[in-house]
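An overview of the molecular structure
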Amino acid sequence: MRRQFVVLAAVVIGLAGCGSGGGSKASQGASSSPSPQPPPKVAGKLLVTTTGGLKLLTQEADGHLSIAPFDVPRSSDFEYEVTADHKTFVYRSGKVVTARTIADGSERKVAGDASTNKLCLRTSPDSKRVSYLRGEELVVADFAGKVTVVDKVKSAKYTLGATTVTATTELDCGEWLDDTHLKFDRRKSLPDSISVDITATAPVIKADTTTVAVLGGKTPKLVDSPSMWHPTAECGKRVAATAGSTKDALHLRERTGDAELSKAGTFTGSDIALAGATGGTHSVLFVPGSCRPLLYTMEKRTFQSIDPATRAIGAEPTVTLPDGGIDVRLYDDPQTWQPVKDAEVLAAVVDKQIVIVDLAARTAKLVPADGLDASARVMAWLP
């Protein structure tokens, strides 16, 4: 869809003039149409994923966004992230994890032993470390290659008559809550007995606790929360999460201390005042820097404010995305926000076009772009 604008029809006004005979005649002014407003400025470049791979979009003088490939060595087993400071592209191709400085293209190898077929690469909010799975371990590495083991898979042999099986415990990917807190699901301890499919040769014992690793000491401190919860967004001490095994109800919580993590996983404060909310139809986005929470509703494409104290949702939408194309699902990726301090400007894709969402101005404006497909999604707004 091309950028849309409204053309106001020129109004013809009859000017009455009194002649000697007392009659009147009309003087018709020349008609004109106002020039269309230019699309919003997009400083820097947008990193977009499409079915054809990663692309870089750059705005030209006429306002259009030109498209070029973002070259990166990749295998069939590939994943990547952009750090929250918009400066580093971190990717895993096979077992090798590499960090590329976007400004000059220089690269450094972070690890060569990552697990394949595991989409677990996550960069920390301070843009200094990355978590991933290697073999049967969840680890954190800094960009110099120093590795800290967070937790390991447990295993034990179980016997029924003449049959013996070796069972292992589930160990989930890590999700960063802040610079020093990494959340993951695990099995805290091995049970005395298990129920398995008789055909299973390597059964997995499901996780029974959500654990937060507190980093910074000689070894990580592990804080367990048996209620289990799944964070969908985080900023500072604020965490949006779905709770329990259903991962359905959406919560907004404040972390005031590590001790709260073990109580219920829901932290302090009331629930978001949203009846029947689910993580599939609603999501919480945090404005980088201020950590101001916003509710995004996928079906309506609306952004609404959330009062951090009461969790009450603003009655009127702050901004609404344009119509068109498939459902627009937005995730809490600070990299997709304009890389300017305290900016409240977000980039997204709607119907194969870029939309610049300015929360302060309460606008969502289309920017014409060529070469995007229906699956395109903004991954990062680069300086």
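Here, every reference points to the structure presented above.
On a predicted model such as this, the values are computed, not experimentally measured, just so you know.

On to the pattern of salt bridges, then. Counted according to the given criterion, the structure contains 16 salt bridges. A salt bridge links aspartate 185 to lysine 183; the nearest nitrogen and oxygen atoms lie 3.4 Å apart. Both residues of the pair, aspartate 185 and lysine 183, count as buried. Across the pair arginine 377 and aspartate 333 runs a salt bridge, and its minimum N-O distance is 2.4 Å. Here aspartate 333 lies in the loop between strand S25 (319–320) and strand S26 (345–350) and arginine 377 lies in strand S29 (residues 377–382), a separation of 44 residues in the sequence.

Turning next to the pairing of strand S20 (residues 238–243). Counting buried positions along S20 gives 5 out of 6 residues, so the element sits mostly inside the fold. Two elements, strand S19 (residues 229–235) and S20, share 6 bridges in a ladder whose sense is antiparallel. Looking at S20, one finds that tryptophan 229 is bridged to alanine 243. Judged from the 5 bridges that link them, S20 and strand S21 (residues 250–254) form a sheet pairing that is antiparallel. The residue of S21 that forms the bridge with alanine 241 is histidine 251.

Before going further, it helps to spend a moment on the sheet that holds strand S3 (residues 65–69). Taken together, the 4 strands give an open sheet; going across it, the order is S3-S2-S1-S29, and neighbouring strands pair in antiparallel fashion. Edge strands, defined here as strands with exactly one partner in the open sheet, are S3 and S29. Pairs of neighbouring strands in the sheet enclose a mean axial angle of 30°, with direction left out of account. Here strand S2 (residues 53–59) runs beside S3; their pairing, made up of 5 bridges, is antiparallel. Pairing of lysine 55 across the sheet is with proline 69, part of S3.

Take the sheet that holds strand S15 (residues 181–186) next. Within the open sheet, the 4 strands sit side by side as S14-S15-S17-S18. Their pairing is antiparallel. Edge positions in the sheet fall to strand S14 (175–178) and strand S18 (221–225), since each of these pairs with one other strand and no more. Neighbouring strand axes in the sheet, compared pairwise and without regard to direction, differ in orientation by 30° on average. Judged from the 3 bridges that link them, S14 and S15 form a sheet pairing that is antiparallel. Among the inter-strand pairings, glutamate 175 is bridged to a residue of S15, identified as lysine 183.

Inspection of every chain in the model, using the stated rule, returns 2 disulfides. What links to what in the protein: the bonded cysteines, counted in sequence order, pair as 1-2, 3-4.

If you walk through the whole model with that rule in mind, you get 6 aromatic pairs. Taking 4.9 Å as the distance between ring centres and 65° as the angle between the ring planes, the aromatic pair formed by phenylalanine 70 and phenylalanine 89 counts as edge-to-face. Taken as a pair, phenylalanine 70 in the loop between S3 and strand S4 (78–82) and phenylalanine 89 in strand S5 (residues 88–93) lie far apart in primary sequence, 19 residues in all. Among the aromatic residues, those joined into a cluster by ring pairs are Phe70, Phe78, Tyr80, Phe89 and Tyr91.

Reading the values: rules and limits
Residues numbered from 1 in each chain as written. Predicted model: local features only at pLDDT ≥ 70, side-chain atom pairs only at ≥ 80, totals over all residues. Heavy atoms only, no water. Salt bridge = Lys/Arg side-chain N within 4 Å of Asp/Glu carboxyl O. Buried < 20%, exposed > 50% of the residue type's maximum accessible area, 1.4 Å probe, protein only. Helix = DSSP H or I, 4+ residues; strand = E, 2+ residues; numbered from the N terminus. Pairing = 2+ DSSP bridges. Axes fitted to C-alpha atoms, helices over the stretch in contact; angles between N-to-C directions. Disulfide = S-S within 2.5 Å. Phe/Tyr/Trp six-rings, centres within 6.5 Å; stacked < 30°, edge-to-face > 60°.

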